[in-house]
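Observations on the three-dimensional arrangement
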Amino acid sequence: MKLLYLSSQGSSLLHSLMAPLYSIHLSPPFPSLLFSHKSSLYSPPLSRSTHLSPLLKTHLLSTKAPTLVYSTSKSNNNNTLSSIVDQLQEEEEEEEFYRNYDQEPAEKLSERWSEIHGRDDWAGLLDPMDPLLRSELIRYGEFAQACYDAFDYDPFSRYCGSSKYSRRHFFERLGMASFGYDVTRYLYATSNFKIPKFFTRSVSDEHVWSQRANWMGYIAVSNDAETARLGRRDIVVAWRGTVTRLEWIADLMDYLRPVSEEGIPCPDPTVKVESGFIDLYTDKDPTCRFCKYSAREQVLTEVRKLVEFYGDERGEEVSVTVTGHSLGSALAMLSAYDLAETGAIMTPNGKRAWVTIFSFSGPRVGNGRFKERFEKVLGLKALRVLNVHDPVPKVPGMFFNEQVHELVRKFAEGLPWSYHHVGVELVLDHKRSPFLKETSDPSCYHNLEAHLHLLDGYHGRGERFVLATGRDPALVNKACDFLKEHHLVPPFWRQDENKGMVRAHDGRWMQPERQKLDDHPHDMHHHLHRLGLAENREF
């Protein structure tokens, strides 16, 4: 077999025919037909939340492999050329199908939001993938990703372990002002001795923002314009997890503890969760300005206040959407359960906010009784997105879990090492994406931006991987090394300019002072008292 060679005239004709469809190199003096590794290209429908590279602002990359055209003789060149054009036209029609398939009118979200948030447990929405659900999953994933982008990991920073941005300018500084949400409060947790590798601290103990606290996430609420688009007032609780460090998995005690022992008003003492998660959620330090209230108390009081204000005083329909990645996913499951169990999503007038959890690459949280109460008694809806190769969703409970035989499950239910995932599972596979390279680094499999990339290309089991919204693949390498080298995107590329250092008036380089960090609202005790959590407290 030989490669098909075209004359210069034929090359020009073929280029004019197919250039709108494909990136083709037909340069004399070797005018052979060579398809670019970029494969077929088409212009995507762009949403207001789409992140696009300069290349993707013009074209969206498809995933079909490069094609070389072969011919057995010169006599059938014309037939081969014709078949090439026909094939390209067919593929362009297929791309057009995907483009039109994903063009969901924006106004439909207000009509379908309860379905998208699990009213029917996402039946019929995952395979094939519903375009509106995909866009919402990516949007809430970006709320979780914002926790990473805003977190100060630099051990040489006085503010290491805090948010780099003030609450009032949070989304603006992250380039997310168009999302239409306002942060109402930050969430903090005390350094938990049972999961020490999760927390980040400065190398110096002098002049630091806090020696005992870490910023854990935020609570935000949709503004009026976004509320009209969504069809309800949406309260987002976003928890920070881990980006690349997975050492915290080894710190899990793999030991279940009743939630009722930690003050959660569950009438069933057999409902249990992993001890490290519940400690992180409920621990507090009276000597710390940021941690004198537990993360639990911070979430319950703020959500209750917002639900009461928008649900009762303003008479609006309210949803509470909890999201998180990695360990943040575990906190999302636990806090959503607590919100429902404690009644913080109920207003004095009896209105109940709709609660949904969108979880990304999260570990198991509790036992079978926790799952039963979570889903059947409290009616919570959780959609878990995971990469099948990621080790984190497989722990804890590696040996006794929801996947073993029913008889084994019943036998192991009373053991302190038996865990069950909750909710509905959406399984992705990074090996389906042609943008990602082979690697043995599990932190790449676990990366949140990689999950959002996989979501963008997922259309259903067995379907071809096609980026649906034009989300920039370069975002995958923001905090890992997962993209194939020919994309020329450096690994771990996201960092502050000059690592946050600025030049003072005298010419010296220094760390700038930051705006004073918010700690807790003045009415915390009032709302704790209303929730029945302020008894026997000293202030």
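Residues numbered from 1 in each chain as written. Predicted model: local features only at pLDDT ≥ 70, side-chain atom pairs only at ≥ 80, totals over all residues. Heavy atoms only, no water.

**As for the overall build of the protein**
As a reminder of what qualifies: Here a helix means four or more residues in a row that DSSP labels H or I, a strand means two or more in a row labelled E, and each is numbered from the N terminus. Using a 1.4 Å probe on the protein chains alone, a residue whose accessible area is under 20% of its type maximum counts as buried, one over 50% counts as exposed, and one in between counts as partly exposed. In what follows, a contact means two residues having at least one pair of non-hydrogen atoms within 4.5 Å. Values of accessible area rely on a 1.4 Å probe in the Shrake-Rupley scheme; residue burial ignores everything except the protein chains shown.
Helices and strands together make up the secondary structure of the protein, namely 16 helices and 16 strands. Buried positions account for 55% of the 539 residues belonging to the protein. Long-range pairs, those at least 24 residues apart, make up 73% of the contacts in the protein with a sequence separation of at least 6. In the form shown here, the protein has an accessible surface area of approximately 24100 Å², with 52% of it arising from carbon and sulfur atoms.

**Focus on the packing of helix H9 (residues 275-282) against helix H11 (residues 327-342)**
Put simply, the rule reads: With axes taken as lines fitted to C-alpha atoms, and helix axes fitted only over the stretch in contact, angles between N-to-C directions fall between 0 and 180 degrees. Oblique is the label for any angle not covered by the other classes, which are roughly parallel (under 35 degrees), roughly antiparallel (over 145) and roughly perpendicular (65 to 115). Three classes are used, and their members are as follows: Ala, Val, Leu, Ile, Met, Phe, Trp, Tyr, Cys and Pro are nonpolar, Asp, Glu, Lys and Arg are charged, and the others, Gly among them, are polar.
Taken N-terminus to C-terminus, the directions of H9 and H11 make an angle of 70 degrees; their axes are 10 Å apart at the nearest point. Here H11 runs roughly perpendicular to H9, going by the angle between their axes. Packed against H9, whose contacting residues are Phe277, Ile278, Leu280 and Tyr281, the element H11 presents Leu327, Ala330, Leu331, Leu334, Ser335 and Asp338 at the interface. Split into classes, the residues belonging to the contact of H9 with H11 amount to eight nonpolar, one polar and one charged.

**Here's the deal with the pairing of strand E12 (residues 354-360)**
The following threshold applies: Note on pairing: two strands pair once DSSP finds at least 2 bridges between them. Think of it like this: strands point away, you trace from the first strand over the helix to the second, and a clockwise trace means the crossover is right-handed.
Within E12, six of the seven residues are buried, which leaves it mostly tucked inside the rest of the structure. As paired elements, strand E11 (residues 318-325) and E12 share seven bridges and run parallel to each other. Bridge pairing links Gly324 to Ser359 in E12. Crossover handedness for the path E11 to H11 to E12: right-handed. Sheet analysis places E12 next to strand E13 (residues 381-387), joined by five bridges and oriented parallel. Paired with Thr356 across the bridge in E13 is Lys381.

**A few points about the environment of Glu111**
Positionally, Glu111 belongs in helix H4 (residues 108-116). The exposure class assigned to Glu111 is exposed, which follows from its relative accessible area of 61%. Between the alpha carbons of Glu111 and Arg229 there is a distance of 9.6 Å; along the sequence they are 118 residues apart.

**Here we look at the nonpolar core**
Side chains that are nonpolar tend, in soluble globular proteins, to be buried together. The criterion, for reference: By convention a nonpolar core is built from buried Ala, Val, Leu, Ile, Met, Phe, Trp, Tyr and Cys residues, the set being connected through side-chain atoms within 4.5 Å.
Judged by nonpolar contacts, the single largest core of 63 residues is most densely connected at Phe170, Tyr218, Leu426 and Leu455. Take this core: its biggest share by element is eleven residues, from helix H5 (residues 131-150). With residues up to four places along the chain from it excluded, the contact list for Leu426 reads Leu126, Met129, Leu137, Leu383, Arg384, Val385, Leu386, Leu455 and Tyr458. Counting 56 residues, the second largest nonpolar core, distinct from the first, contains Leu187, Ala295, Val318 and Ala382.

**Quick word on helix H12 (residues 368-377)**
Within the span of H12, buried status applies to Gly368, Phe370, Arg373 and Phe374. Its buried side turned inward, H12 meets strand E10 (272-274), H11, E12 and E13. Two residues or fewer past H12, Gly379 is found with a positive phi of approximately 70 degrees.

**Focus: the pairing of strand E6 (residues 181-190)**
When you tally the buried positions in E6, you get eight out of ten residues, the bulk of the element. Where E6 and strand E7 (residues 213-222) come together, nine bridges link them in antiparallel fashion. Note on E7: the bridge partner recorded for Leu187 is Gly217.

**What to know about the side chain of Gln298**
What counts is decided by this rule: Two N or O atoms count as a polar contact when they lie within 3.5 Å, although within protein this holds only if one can serve as hydrogen donor and the other as acceptor, and sequence-adjacent residues are included solely when both atoms are side-chain atoms.
Mapped onto the elements, Gln298 comes out in helix H10 (residues 295-313). A polar contact is formed between the side chain of Gln298 and the backbone oxygen of Tyr293, at a distance of 2.9 Å. Discounting chain neighbours no more than four positions away, the residues touching Gln298 are Arg185, Tyr186, Leu187, Tyr188, Ile219, Phe290, Tyr293, His520 and Met524.

**Here we look at the confidence of the model for the protein**
Keep this limit in mind: Scored from 0 to 100, pLDDT reflects the predictor's confidence in each residue.
Taken as a whole, the protein shows an average pLDDT of 81; of its residues, 74% reach a score of 70 or greater. Residue range residues 1-75 is modelled with pLDDT below 50. Its contacts to residues more than four positions away, or to other chains, number 147 contacts.

**What about unusual backbone geometry?**
Pro128 follows Asp127 through a cis peptide bond whose omega is 5 degrees. Tracing the backbone through its elements, the reader meets Pro128 in the loop between H4 and H5. Residue Trp122 is not a glycine yet carries a positive backbone phi of 60 degrees.

**Notes on the pattern of salt bridges**
Operational definition: In the sections that follow, a salt bridge refers to a side-chain nitrogen of Lys or Arg positioned within 4 Å of a carboxyl oxygen of Asp or Glu.
Considering all chains together, one arrives at 41 salt bridges under this definition. Here Arg112 ties to Asp130 by a salt bridge, and the two come within 3.0 Å at their closest N and O atoms. Of this pair, Arg112 sits in helix H4 while Asp130 sits in the loop between H4 and H5; the two residues are 18 residues apart in sequence, bridging distant segments of the chain. With respect to burial, Arg112 and Asp130 carry one shared label: buried. Across the pair Lys305 and Glu302 runs a salt bridge whose closest N-O atoms are separated by 3.4 Å. Of this pair, Lys305 and Glu302 both sit in helix H10, separated by three residues, roughly a single helical turn. A single salt-bridge network, built from bridges that share partners, covers Glu142, Asp149, Glu449, Arg471, Lys478 and Arg494.

**Examining the sheet that holds strand E8 (residues 233-239)**
The seven strands lie next to each other as E6-E7-E8-E11-E12-E13-E14, forming an open sheet whose pairing is mixed. The two strands at the open ends of the sheet, each matched to only one other strand, are E6 and strand E14 (424-428). The average undirected angle you get between the axes of adjacent strands in this sheet is 15 degrees. Taken together, the five bridges between E13 and E14 define a ladder with parallel strand orientation. Residue pairing for E14: Leu386 is matched across the bridge by Val427. Those strands touched by H10 are E6, E7, E8 and E11, and its axis lies near 160 degrees from that of E6.

**A short note on the environment of Glu425**
As for its placement among the helices and strands, Glu425 is situated in strand E14. Owing to a relative accessible area of 36%, Glu425 belongs among the partly exposed residues under this scheme. In this structure, Glu425 is in contact with Leu126, Arg384 and Leu386, ignoring residues within four places of it in sequence. One polar contact links Glu425 to Arg384, side chain to side chain, over a distance of 3.2 Å.

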